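# Results of the structural survey
Here is how the chains run, residue by residue.
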Amino acid sequence: MPSSTPPDRELSPATRAPGSVASGPRAGAAEPDAGGGGPRRWTHDRLFVATFALLAAAAVVPIWRVRFLPLLDLPNHLAAVHIWHNFDAPWARAKEFYELSLTPAPYGAYHILTHVIAHGVGLEDANRIVLSSYVLAIPAAALGWALRTRRSPWLSILTFPLAFSLSWACGFLPFLVGVALLLLGVVALDAQLERPSRARAAAVALLSVGCGLSHPLILFAYYVCVAALMLCHAPRWSRIARALPPFVPAVALLVWQLVAFESPMVDLRSGPRFQGAWVPWHEMLRSFPEYTLDSVSGDLDTQLFWVLLATASLLLLGELARRSRARANGAPAGSLLDRLHDHRSLVLFAAMVVCYFLVPLHLARPFDWWFVSGRFAPFICFFGSLALTAPLRGLSRLLMAPAAAAALVLPLHLSEKYERFDERLRPFARMVERIPPGAEVLFLTLPPRTDESLIIEGTNHFSSWVQIMRGGFSADGWHNVGFPFRLKRSLPAPPPNRGEWFNPDVHGVAYDYVIIRNERPDRPMFTAAHAAWRRIDQEGAFTMYERSR
């Protein structure tokens, strides 16, 4: 049976020193060369290359087709970059309300990348480039991992849809960027453990720091993966020791964040230091498909999850049949350490499953986080898909046709939903564009706050879109993060998801214009008692009022 050693093993059997265990192939390794050869040979499979390229192009269509991506928290995260990027621009008037706070903090990776790229292409396109990089990094990391572990590159097709999870719909942009950094970091660490080099050490160091700057949950998941992966490379202690120094910058950053960085998000002044909410395991199991792929209205996205699962299950059945035949023919099973190394995808899969069920679904302290453990669902699918050893060659590649179809249909389906949402937002964009420079604008969304295309309240944070387009203050920004700005002065406003609490006499006095979504004709926000306000525009679901100066 062919050796299961990774393609970049440092020493061949002919050159390995006598008695060397750490650097040579593992004796008794039983994993087949399912990928059809080393990392160079996959490029000869023209069908795979064409399929991967087609799916990569389709995956970014939802991002570039519309202006207003209906991702819940996106406007607030992008507005934070806007404040930093346009801090000195007179039209933005950011200095009136904010002061920059550029200490290296969690949540920073998305903002840093977008800010840097925006110098060349503008803020909104920079956001699209960062999101496109996230979407494509997942299958790219899957391809790299499949080649490293001698799996078929075709398994990476199963990972294309994982970008569009519930975390995507919620617009958890710092977390999403961290997902890409984590997966690439795992691939880089595995390469460093197999064949240490300065370039690979630098990649591990950079990606580890990136995880530390992306999101605290990503940092936790990353170090869980690091521990599991190092376990899989035991007992090659010298290589594990050589892989530790690249983590020094990331660990130093973490220590600094724990000791010196202060964020209003963290409140440990009173009460318990940790408080969370768990749900029964069967509820977590039932919700798994929705956590993995539910991002728009309707059932198609979660139905495609079952297509992917059916494809993976079919490949698994074939794998079990092959292993049964191999055992019947007396093939050696290998030692436990050999099996851990050969099946490190399965070890990482198991680690993410443990996190999914043991981490609380919601946290109250030390952070107020909604939807925590559910974010591990795509990681489970990622490593679970790549744990398969199916040799996909010739006609057997057709087994991947349903998964490829699902990976193609999903982003096109999302783009259609997004286009309908974006079309309903065009009156909003026109209203904002006609507002004169320097005016203060308040955006209110009233019940029903949902949209027929979405599973989230997609316009809750659109005050930040007004800020991005016209400058000034957004009462709905992330004022409690501590990066890249701190709040200096604010204007009165109701909570972003409670526009019906608006009081013209309390909130309206601070603004020149108010844009309202879903104002009822029989319940106008401004009555005859508010003579200073007049309605100047109404189109679709949006109404705009102007205050006399």
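For the structure, check the block above.
This write-up is about the structure you can find in this document. (Residues numbered from 1 in each chain as written. Predicted model: local features only at pLDDT ≥ 70, side-chain atom pairs only at ≥ 80, totals over all residues. Heavy atoms only, no water.)

## Side note on the sheet that holds strand β6 (residues 513-517)
- Strands sit in the order β4-β6-β8-β7 across an open sheet of four strands; the sheet is mixed. Two strands close off the open sheet at either side, each with one partner strand: β4 (441-445) and β7 (533-539). Neighbour to neighbour, the strand axes of the sheet diverge by 20° on average, direction disregarded.
- Pairing geometry for β7 and strand β8 (residues 542-547), over six bridges, is antiparallel. Within β8, the residue paired with Arg534 across the bridge is Glu546. (Pairing = 2+ DSSP bridges. Helix = DSSP H or I, 4+ residues; strand = E, 2+ residues; numbered from the N terminus. Axes fitted to C-alpha atoms, helices over the stretch in contact; angles between N-to-C directions.)

## Examining the nonpolar core
- Core analysis: the biggest nonpolar cluster contains 142 residues, and Trp168, Leu182, Phe428 and Ile515 have the highest contact counts within it.
- Beyond its immediate stretch of four places on either side in the chain, Ile515 contacts Phe428, Met431, Val432, Ile435, Val441, Leu442, Phe443, Leu444, Phe542, Thr543 and Met544.
- Membership of the second largest hydrophobic core comes to 20 residues, among which are Ala80, Ala94, Tyr98 and Phe473. (Core = buried A, V, L, I, M, F, W, Y, C linked by side-chain atoms within 4.5 Å. Buried < 20%, exposed > 50% of the residue type's maximum accessible area, 1.4 Å probe, protein only. Contact = heavy atoms within 4.5 Å.)

## Some words on the side chain of Asp422
- Turning to its location among the elements, Asp422 is positioned in helix α17 (residues 401-424).
- Look past the residues within four positions of Asp422 in its chain and what remains in contact with it is Val66, Arg67 and Phe68.

## A short note on the environment of Ile129
- Mapping Ile129 onto the fold places it in helix α5 (residues 123-148).
- Taking C-alpha positions, Ile129 is 8.2 Å from Ile117, a pair spaced twelve residues apart along the chain.
- Residue contacts for Ile129: discarding those within four places in its chain leaves Trp64, Ile117 and Val121.

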